[in-house]
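Letter by letter, the chains look like this.
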Amino acid sequence: MRIAVFVKQVPDPSGAGRLDPATNLLVREGVEVVLDPGDAYGIEAALQLAEASQGEVVVISMGGERALEVVRKAMAMGAGSGLHVFDQRLGGSDALATARVLAAAVSRVAPDLVVAGTESTDGYTGTVPAAVAELLGWPSLTFAKHLELSGGTVRVQRQTPAGHDLVEADLPAVVTVTGGINEPRYPTLKGIMGAKSRPLEQLSIEDLGLDAAGLSPQQRVVAVAPAPQRQAGRVVEDDGSAARLIADYLAELKVI
Amino acid sequence: MSKIWVYAELTNAELAPVSLEVLTGARQLGGDLEAVVLDPAGAGVVETLGEYGAGTVYLGLDPSYREHLAQPAAFVLAGLVEQHHPDLILFGATYDGRDICARLSARLGLTVVANVLDVVPHGNGYAAVSSIFGATQNVTTELLGPSPCALVRAKSFVAAPGSGTGPQVVDVALPPEAPTGARRLESVVTPSSGPKLEEARVVVSGGRGLQAPENFRILEQLAELLNGAVGASRAVVDAGWVPYARQVGQTGKTVKPDVYIACGISGAMQHTVGMKGASHIIAINKDRDAPIFKLSDLGVVGDVLKVVPALISELEARGAQAP
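Cut-offs applied
- Residues numbered from 1 in each chain as written.
- Chains lettered and ligands numbered in written order.
- Predicted model: local features only at pLDDT ≥ 70, side-chain atom pairs only at ≥ 80, totals over all residues.
- Helix = DSSP H or I, 4+ residues; strand = E, 2+ residues; numbered from the N terminus.
- Buried ≥ 20, exposed ≤ 12 C-beta atoms within 10 Å, placed from the backbone.
- Contact = placed C-beta atoms within 7 Å.
- Pairing = 2+ DSSP bridges.
- Right-handed = clockwise from strand over helix to strand, strands pointing away.
- Domains from an automatic or database assignment.
- Nonpolar A, V, L, I, M, F, W, Y, C, P; charged D, E, K, R; others polar.
- Axes fitted to C-alpha atoms, helices over the stretch in contact; angles between N-to-C directions.
- Parallel < 35°, antiparallel > 145°, perpendicular 65-115°, else oblique.
- Left-handed = near helix turned anticlockwise from the far one by under 90°.

Concerning the overall build of chain B
Assigned secondary structure in chain B consists of nine helices and 17 strands. Along the first, second and third principal axes, the C-alpha atoms of chain B reach 65 × 45 × 35 Å. By residue count, 57% of the 323 residues in chain B fall in the buried class. Sequence-distant contacts, at least 24 apart, represent 67% of the contacts inside chain B between residues at least 6 apart.

Here's what the structure looks like:
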């Protein structure tokens, strides 16, 4: 069983994001960058499935030079090898171009299963995994809060607005996992050391057999403006009378 | 005349609220508005689609659209797009809408913008207004290429019927070569009482400040007294304290209640994007510097585990009763 997992390096979500005023692209230089917190669940899910089947996990990432760090981190958590698609011409790619690149990377790895987070914590588009599945002609099982393999079948509990659906598909398939599906492990010192000797390939657009001309984004940011912000209201320290104050406010709003 | 399509979804044999919202928003763009419905119960919503402005409804009723995730719907939709060349395709940002949009995009090479709050005419085409960085910035993105797709966030428009009547119905068949893909075996509904989170006039939400999952009980009590619904931040949903269906924020639900009471929620952008549209916000948090106090109309610096029980007693003393 070979399982590929998508990871992405994103600006630290706890910091304030910034756009480059010249390009209107997300600033990724000179800011703290981290493994997308949603991806840690995908890595853990892939590792658990691989451990249960004597399989292997291959990390795939597309990103700038520093994205190598998150591939290494996933390998330090236990993935056996890594593939980093790094090409300056991919800066500012839209979700469709990203999906085309990742689909080409998946074809090269030829896994039985691809695991990804539901969406990235910087772009939040959330269409890339299903788009990759479509390009490969594979089923996609998105928003999994529980995931299991049996034989050549993957079965998930997929979030719905009212609860969940039980969904299954034949392998190969793409699964996206929600936060909280598991408790992601931390890399151990042994893991970090061991990862250094495992294979990590860096590939360009051409290495993947793609044509850069077909990857240019079909969208362009034309304006950025601050969203209308709320005004801060009154803030009081609770000295025992806060409950009364809130109740008065609720009465004023005619909620009680 | 430009042609705008809305992919309309059904929930329990009725049009999903977000689909009605998107139709209402699309109507304001002018042009020919057309809807695509791929659902075995679709025949029952044709009239409503007409009222909301759809002049034409492409209607597919094959059970496969329910039995399988995204793949048959995306396949048929792609065929329709290639045949009719809409200038813009709008989807509600639902679980299924997102998957179908993603697959359509990949199949035909169409661009997608997500988190869309509004669509505006731009040059000869359209631009999408979306929010980024936890809704602190609004970005206008010009949509290029054929039939661009936009995933519209819930509650971006207020649904209102127009004056349309009986749309033209075009029956759509599912070709035998259509893929099936993932199979939906069973739908499990998590029982819940009280008003729905998205519809409640009052929402009481909890975060890490509650310290332990069992402490959510006090929020349920408070919500019952106010005939409200209980929400939660991503942190506590990820921690498994409350089900995902309760999550408010970027990856959860968007709510616009009359009153939102944030209990022990710091106000990370991931959360505030889903609730900043509330008419009135009350925040209770220990940390005086928590960003939630920048949004709240009334902020209380204090321990939720003290303030909320005291508030429950106060409301009961004033005669509030759980239904």
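Here the narrative resumes.
A short note on the overall build of chain A
Each helix and strand counted, chain A has six helices and 13 strands in total. Along the first, second and third principal axes, the C-alpha set of chain A runs to 65 × 45 × 40 Å. Relative to its 256 residues, chain A shows a buried fraction of 46%. If you take every contact in chain A between residues at least 6 apart in sequence, the share linking residues at least 24 apart comes to 70%.

Describing the pairing of strand β4 (residues 56-62) of chain A
All names here are of chain A. Within β4, six of the seven residues are buried, leaving the element largely enclosed by the surrounding structure. Examined bridge by bridge, strand β1 (residues 2-6) and β4 share five bridges and lie parallel to one another. Each bridged residue has a counterpart across the sheet, and for R2 the counterpart in β4 is E56. For β4 and strand β5 (residues 81-85), the ladder comprises five bridges, and the chain directions are parallel. Bridge pairing links M62 to V85 in β5. In the classification by handedness, the crossover that spans β4, the intervening helix α2 (residues 68-77) and the parallel β5 is right-handed.

Considering the interface of chain B and chain A
The interface of chain B with chain A comprises 77 residues on the first partner and 63 residues on the second. Considering every element that reaches the side of chain B that touches chain A, the biggest residue donor is helix α5 (residues 95-108) of chain B, with nine residues. Pairing analysis gives four bridges linking strand β13 (residues 234-237) of chain A to strand β17 (residues 298-301) of chain B, with the strands arranged parallel. Of the residues in β17(B), the one forming a bridge with V235(A) is G299(B).

Examining the domain arrangement of chain B
Residue and element names in this part refer to chain B. Per the domain assignment, the segments of chain B are domain 1 (3-171) and domain 2 (202-317). Relative to domain 2, the C-alpha centre of domain 1 lies at a distance of 32 Å. Between domain 1 and domain 2, the residue contacts involve eight residues of the former and eight residues of the latter. The residue inventory of the side of domain 1 that touches domain 2, partitioned by class, reads three nonpolar, three polar and two charged.

Some details on the packing of helix α4 (residues 71-84) of chain B against α5(B)
Residue and element names in this part refer to chain B. As a packed pair, α4 and α5 sit with axes 9 Å apart at the nearest point and diverge in direction by 50°. Considering their axes alone, α4 and α5 lie oblique with respect to each other. As for how α4 packs across α5, the hand of that crossing is right-handed. Along the contact surface, α4 presents Q71, A73, A74, L77, A78, V81 and E82, while α5 presents I100, R103, L104, R107 and L108.

Comments concerning unusual backbone geometry
Residue and element names in this part refer to chain A. Note that the residue after L171, namely P172, is joined by a cis bond; omega there is 0°. By the secondary structure assignment, P172 is in the loop between β9 (163-170) and β10 (173-177). At N24, a position not held by glycine, the phi torsion is positive, near 60°. Positionally, N24 belongs in the loop between β2 (9-11) and β3 (33-35). One non-glycine residue, Y124, lies in positive phi territory at about 55°. Position of Y124 relative to the elements: it lies in the loop between β6 (113-117) and α4 (128-136). A tally of 19 C-beta atoms within 10 Å means that Y124 is categorised as partly exposed.

Digging into the sheet that holds β13(A)
Strand order across the open sheet formed by six strands is β13(A)-β17(B)-β16(B)-β15(B)-β13(B)-β14(B), with parallel pairing between neighbours. The open sheet has two edge strands, β13 of chain A together with β14 (229-232) of chain B, and neither has a second partner. Ignoring strand direction, the axes of neighbouring strands in this sheet form an average angle of 20°. Looking at chain direction, strand β13 (residues 202-206) of chain B and strand β15 (residues 259-263) of chain B are connected through five bridges and run parallel. Counterpart to V203(B) in the pairing with β15(B) is Y260(B).

Digging into the environment of G252(B)
Residues and elements named next belong to chain B. Here G252 is to be found in the loop between α7 (234-238) and β15. Accessibility expressed as a C-beta count within 10 Å gives 23 for G252, which makes it buried. Those residues in contact with G252 that sit more than four places away from it in its chain are R234, Q247 and G274.

So, the sheet that holds strand β10 (residues 149-152) of chain B
Taken in spatial order, the ten strands make up an open sheet running β12(A)-β9(B)-β8(B)-β7(B)-β10(B)-β6(B)-β1(B)-β4(B)-β5(B)-β11(B), and their pairing is mixed. Unpaired on one side and paired on the other, β12 (219-226) of chain A together with β11 (168-171) of chain B mark the two borders of the sheet. Put simply, the sheet's adjacent strands are angled 30° from each other on average, direction ignored. Pairing between strand β7 (residues 112-122) of chain B and β10(B): three bridges, direction parallel. In the strand pairing of β10(B), V112(B) is matched with C149(B). Across the face of the sheet, α4(B) comes into contact with β1 (3-7), β4 (32-38) and β5 (56-60) of chain B while running at roughly 150° to β4(B). The strands that α5(B) touches are β1, β6 (88-92), β7 and β10 of chain B; relative to β10(B), the one it contacts most, it runs at about 170°.

Considerations on the environment of H280(B)
With respect to the helices and strands, the residue H280(B) is situated in strand β16 (residues 280-285). With 19 C-beta atoms counted inside 10 Å, the residue H280(B) sits in the partly exposed group. Linking H280(B) and Y260(B), residues 20 residues apart in sequence, is a C-alpha distance of 6.2 Å. Setting aside anything within four residues of it in sequence, one finds H280(B) in contact with L253(A), D258(B), V259(B) and D297(B).

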